[in-house]
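# An overview of the molecular structure
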Amino acid sequence: MQEAKVQLAAAQASPADQASRRLDRLRTVMQSLNEGQGRAASAADEGALQLRALGPQIQISVRAPAMSAEQRRLHQAQMSAWREELRDLLSQVQADEAATREDLARTRQWLLDRKLPGELLARHDQALRQFEQTAAALRLAAQATEAEMLPALTRALAPLDAQRRQPAAPSRSLPWRAPEPNKRQPADTRSAWFQHLLGSRDVRLAQAGSGLDGIHFEVPPEPSEAPVPADLAETPETQLSPALRAKALELGNNPVQIQNWVRNHIEWQPTWGALQSAQDTLDKRRGNAHDIASLQIALLRAAKIPARYQYGTISLPVAQVQNWLGSLAKPEVAQPLLSQGGIASKSVWSAGHINEVQLEHVWVRAYVNWAPSRGAKAGAASQHVNPVGPLNAWVDIDASYKQYQYSPGLDLKNQVPLDGAALLTAAQQGATVNEAEGWVQNLNQAAIQNQLSSYQNRLKSYIDQQAPNGTVGDVIGRKIVPVFAPPMLAGSLPFRVVFKAQQLSAVPPALQHRFSYRLYASAQDRLDDAPLLSFTEKTSQLVGKRLSLSYVPASQADADLIASYLPKPHADGSPIDPSEFPRSLPAYLIRLKPQIVLDGQVVASTQLGLTMGTPLYGQGGFSQFHDLQQWDLAEDETHSVGNATVFGLSAGGISGAQLNALKLRLEASKTKLQAGDLTGLSGEQITGDLLTATIWSWFAAAESHSRLSQNQAGVVETLGLSYGLFHAQAEPVYSWGLIRKVEFPGVNIDIGHVRLLGWSKNGQAGDWAQYMRLRGQYMSALEHAVPERFFSDRAKCNLVGEPDPKPGLPACPQGISAVKALALAAAQGQRIYTITQKVFQDNPGLVTSHLSAHNWDTRQRVQQALEAGQEVTIHQRPVLQDGWAGAGFVLLDPETGAGRYLIEGGGNGGSVPLLKALAMALGITSAALPFILIAAYISIFLISLIAALAWYLVFCEVDGSGFPSKGDIGNIAWSVMWFSALAGMTVGPIASFVIAVVTSGLQNHACF
């Protein structure tokens, strides 16, 4: 049935498009034959050495095993089938030449009829010559002998391969993982701290001085005690927004009230270095020691109270550290958690036990009216600082350190248990399981759903009985900050200071986290670090801002060509109908220039014009937690010239405030568009905001799940520095060495850099690894579920799993993700493979023999992952979903649970099809083309997207306690408890199947 759908979709394409698809298939078959010949030669040489993995980090050389008789028979049969298909394809491709010539001739006539610039005709004629050369080479290859055919084909298709995306280099570094730990001991000398803090000359040292604006002294302070202008200055982390000034005023511009409020309302996160601005920390109600200090300093400076950062090494009893980090069960867990966040620390042992933990820390020194009120009263009517300088003092205050209370919630795990073993048993009813080859088939999905539905009903009933009016935190447990509000400042810190280091007026550059991104024309350029453009900025200056990668016409001729394909404004002023938009553009004629834009301002660009649809190569990431002078980078493989792309950045999470600000901006744009007022609007802004709303919501939903799930799973998790890409796709169509055209199939989310800090509370590495597996599966499901919700008009179609579907409406287009593809394949009765290292070693030819239906690029990725010691979950053959065809597969480090969740052609992410007109509208608005043409159409779409964002803010936004403020508590608890139960399953093909099936539909139970 699935193959029939693929064939029908191909048959409905134009003759020229069918020719392109046959050429693609020809290339895949040729690569498969080359691969098969290599495997046969290797197996024939029993003395040949091959690399085999003993784990993700260890490889050894072993002798290649000989093929068994059965393996040889299957291999020869597959090779024969490929050779026969190759001959058929060559025959068909030669017959396709005429259709492609006609298509190219129509394009040339288009240029002539519209009197477009001559340089476009020159490009066309050059492309025609390329086509004729490739076609001639293919005809020669078809006439070659059997032995010469493959080399001849390789030469003939070289121009085509040169245009295509080059395969990613094998990497053992998985994109969804924990960061590298800090192995450095905490500094305990002034020189060590100086090296750590002041590696750069651009540092604001706190110095003695006088002459402060806004502060009057009748009797000046001692020169060594006098504050300096920098102690009141705004810095990147302490910019004084209206909200910060209002909060300081609300707190009476009083240092005691400021200290008490920040201490009682802001949750500490165990990471190192300045991640956020003061405003972002205020919005999120959480931050690390730097972020909390920045918030305190900003509030103090808004109140005209001088303040500084104070660095030092402190010591705490280990029991207090366990509480501070998240109620850890074992002392040994504390230091690994601190190290993951980049905090230099060490355990101090006594009598065979950890007695205390020493760690680097930062707090605040504030210049307050000290005698006799200890900061409680202002020194004068117009200022807090006492006009008599000697009555003031620099006082150490710290709002980061605190001891929490932990409410355990209901004992759902024991009172309403979900039996994972029974679930697996039910799943196997009528199924076929092949442990030796690592696959399962036809597991009983109805039995799985029955078990889960029964459990959900029992869970809801128990919650209704035990906590009929309870909150989410009451049900699953929560962390509470006990209110502590002394009437004056203590004058001492709540911990022992081992060494008091420098005090600074600003965070030094060596401790400011940064984001960097580079775009390359080729994979080789990326290896050589020769970028087309690059961009680097502090994370504190990027949070809450729109960051996009767009493409503009390289010349007026390119703009004129694109405009010639677009519908013209109607004489009567009526809006453009979606059917008037073209389905594609002639990419080989169009040159575009990439640029990175931050909130409407171009911050990186190049003058080089690139052919539309050309694959580009990205590399981006953040400074390392353990050493901010080093980079933690990821490679992106989903860029194409002409995409409209936004970067989604998560520096410790996404706040409801930034989502709400974006919603208000979208509403304002919608109102202006509906009124026909385009003043102040741009295509980059509209497209950027649309795409940004979706990817920010992905990160926010992933964060919400983290906070909900970790307590019941017995782990502690903190969000690190992560980013992803969200594209409105310009998808190239290749023909005879040309990018003949680009189509606009929809949107693609590519989350290629996720850092999760955490560990099991009881110190069990296996528990954390399994938790990471399940978190990865859930986040993979969000990659189809979030775009589905944001890009579906629920007034015109019914979402998947809609509890109240509207009669007469069609189903909304469905997205795809790695786990969604696995679930679809399972529903079709395909084998689902979980290829562990044991399975791979016992079946070294499994990828070629059992996964031959997948394209060569997919098989190569799977083979490389297995050779690197990773575990792979993949379905038997491609699946088709709303026009998308391909594979979804998961690569995992079995020791840590780190992973990569891939869809064919879409990187680490998911894809959702859109109406062609909408997809193209999103693309052309980012290209600075006539925005007025699609303004009315975009305004209609904005209505549904704003509704989705509003829905998220109501049902998924976290409140100050870190839990959803509204929504179905039973559903939320269900999503948490099944997660906890599945975490206990034994790893294997059956468990992988059950997890994929359940997770792919989880959006029906939680926020998505």
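- In the annotation of an unreviewed UniProt entry, the entry for the protein chain reads Transglutaminase, and the organism field reads Kinneretia aquatilis.

### As for the environment of Leu-757
- Counting through the fold element by element, Leu-757 comes out in strand 29 (residues 746–760).
- On the basis of relative accessibility, which here comes to 3%, the residue Leu-757 falls in the buried class.
- Placed 36 residues apart in sequence, Leu-757 and Leu-721 show a C-alpha to C-alpha distance of 9.7 Å.
- Excluding residues within four positions of it along the chain, Leu-757 makes contact with Pro-179, Pro-270, Thr-271, Gln-340, Gly-341, Phe-625, Val-716, Glu-717, Thr-718, Leu-719, Gly-720 and Trp-768.

### Structural notes on the pairing of strand 8 (residues 353–369)
- The buried count for strand 8 comes to 15 of 17 residues, which makes it a mostly enclosed element.
- Summarising the sheet, strand 7 (residues 345–350) and strand 8 pair through six bridges and their orientation is antiparallel. Each residue of the ladder has a partner; that of Trp-349, found in strand 8, is Ile-354.
- Linkage of strand 7 to strand 8, two consecutive antiparallel strands, is achieved through a turn of two residues, within which Ala-351 is found at a positive phi near 55°.
- Pairing of strand 8 with strand 9 (residues 392–397), which is carried by six bridges, proceeds in the antiparallel orientation. Along strand 9, the bridge assignment pairs Ala-366 with Val-395.

### Side note on helix 20 (residues 656–674)
- Relative to the 27 Å expected for 19 residues at 1.5 Å per residue, helix 20 spans 27 Å between its end C-alpha atoms, a close match to the ideal helical length.
- Buried within helix 20 we find Gly-656, Gln-658, Leu-659, Leu-662, Lys-663, Leu-666, Ser-669 and Leu-673. Taken around the axis of helix 20, the buried residues stretch over an arc of 160°, which confines them to a single face.
- Directly after helix 20, the chain includes Gly-676, whose backbone phi takes a positive value near 75°.

### Looking at the nonpolar core
- Counting residues in each nonpolar core, the largest one holds 75 residues, and the members touching the most others are Leu-26, Leu-138, Leu-153 and Phe-515.
- Take this core: its biggest share by element is eight residues, from helix 3 (residues 69–113).
- In terms of domain composition, this core takes at least three residues from each of domain 1 (1–40 + 68–163) and domain 3 (522–813 + 915–958).
- Not counting residues up to four positions away in its chain, the partners in contact with Leu-26 are Leu-86, Leu-89, Leu-90, Val-93, Leu-138, Leu-153 and Leu-157.
- Leu-198, Ala-334, Ile-354 and Tyr-404 belong to the second-largest nonpolar core, a separate cluster that totals 67 residues.

### Some remarks on the packing of helix 3 against helix 5 (residues 146–156)
- Two elements in contact, helix 3 and helix 5, have axes separated by 13 Å at closest approach and are oriented at 65°. In this structure, helix 3 meets helix 5 at a crossing whose hand is left-handed. Contact residues: Arg-83, Leu-86, Arg-87 and Leu-90 in helix 3; Glu-146, Met-149, Leu-150 and Leu-153 in helix 5.
- The residue makeup of the contact of helix 3 with helix 5, split by class, is five nonpolar, no polar and three charged.

### Describing the side chain of Asn-254
- For Asn-254, the location among the structural elements is in the loop between helix 8 (242–250) and helix 9 (255–265).
- Engagement of the side chain of Asn-254 in a polar contact is seen with the backbone nitrogen of Gln-257, the distance being 3.1 Å.
- Beyond its immediate chain neighbours, meaning those up to four positions away, Asn-254 contacts Gly-375, Ala-376 and Lys-377.

### A word on the packing of aromatic side chains
- Summed over the entire model, instances satisfying the criterion amount to 23 aromatic pairs.
- Ring geometry for Tyr-367 and Trp-394: centres 5.2 Å apart, planes at 50°, overall tilted. Taken as a pair, Tyr-367 in strand 8 and Trp-394 in strand 9 lie far apart in primary sequence, 27 residues in all. Exposure class is identical for Tyr-367 and Trp-394. Each is buried.

### Observations concerning the pairing of strand 22 (residues 615–623)
- With nine of its nine residues buried, strand 22 lies for the most part within the structure.
- In terms of strand pairing, strand 15 (residues 514–520) meets strand 22 through six bridges, oriented antiparallel. Within strand 22, the residue paired with Ser-516 across the bridge is Gly-621.
- Alignment of strand 22 against strand 23 (residues 631–640), held across eight bridges, turns out to be antiparallel. The residue bridging Gly-620 from the neighbouring strand is Ala-634, located in strand 23.

### Section: the sheet that holds strand 15
- If you trace the four strands from one edge of the open sheet to the other, you get 16-15-22-23, paired in antiparallel fashion. A strand with exactly one partner marks an edge of an open sheet, and here the two such strands are strand 16 (533–538) and strand 23. Each strand axis lies, on average, 15° off the axis of its neighbour in the sheet, ignoring direction.

### Let's talk about unusual backbone geometry
- Omega for the peptide link from Ala-371 to Pro-372 comes to 5°, which places this bond in the cis form.
- Notably, Ser-327 is not glycine yet its phi reads approximately 60°, a positive angle.
- Counting through the fold element by element, Ser-327 comes out in the loop between helix 12 (318–326) and helix 13 (334–340).

### Considerations on the sheet that holds strand 18 (residues 584–585)
- Reading across the sheet, the three strands line up as 18-28-27 and stay open at both edges, with antiparallel pairing between neighbours. Each edge of the sheet is formed by a strand with only one pairing partner; in this case those strands are strand 18 and strand 27 (731–735).
- When strand 27 meets strand 28 (residues 738–743), the two strands line up antiparallel, connected through five bridges. Paired with Pro-732 across the strands is Val-742, a residue of strand 28.

### Focus on the pattern of salt bridges
- Scanning all chains against the criterion turns up 37 salt bridges.
- Taking the shortest distance from any N to any O, the salt bridge between Arg-177 and Asp-632 comes out at 3.2 Å. You can see Arg-177 sitting in strand 3 (residues 176–177) and its partner Asp-632 sitting in strand 23, a full 455 residues away along the chain.
- The class for Arg-177 is buried, based on a relative accessible area of 15%.
- Given a relative accessible area of 8%, Asp-632 falls into the buried group.
- One salt bridge in this structure joins Lys-820 and Glu-788, with 3.3 Å as the shortest N-O distance.

What counts and what doesn't
- Residues numbered from 1 in each chain as written.
- Predicted model: local features only at pLDDT ≥ 70, side-chain atom pairs only at ≥ 80, totals over all residues.
- Heavy atoms only, no water.
- Helix = DSSP H or I, 4+ residues; strand = E, 2+ residues; numbered from the N terminus.
- Buried < 20%, exposed > 50% of the residue type's maximum accessible area, 1.4 Å probe, protein only.
- Contact = heavy atoms within 4.5 Å.
- Pairing = 2+ DSSP bridges.
- Expected span 1.5 Å × (residues − 1).
- Arc of directions from axis to C-beta.
- Core = buried A, V, L, I, M, F, W, Y, C linked by side-chain atoms within 4.5 Å.
- Domains from an automatic or database assignment.
- Axes fitted to C-alpha atoms, helices over the stretch in contact; angles between N-to-C directions.
- Left-handed = near helix turned anticlockwise from the far one by under 90°.
- Nonpolar A, V, L, I, M, F, W, Y, C, P; charged D, E, K, R; others polar.
- Polar contact = N/O pair within 3.5 Å; in protein donor to acceptor, adjacent residues only side chain to side chain.
- Phe/Tyr/Trp six-rings, centres within 6.5 Å; stacked < 30°, edge-to-face > 60°.
- Salt bridge = Lys/Arg side-chain N within 4 Å of Asp/Glu carboxyl O.

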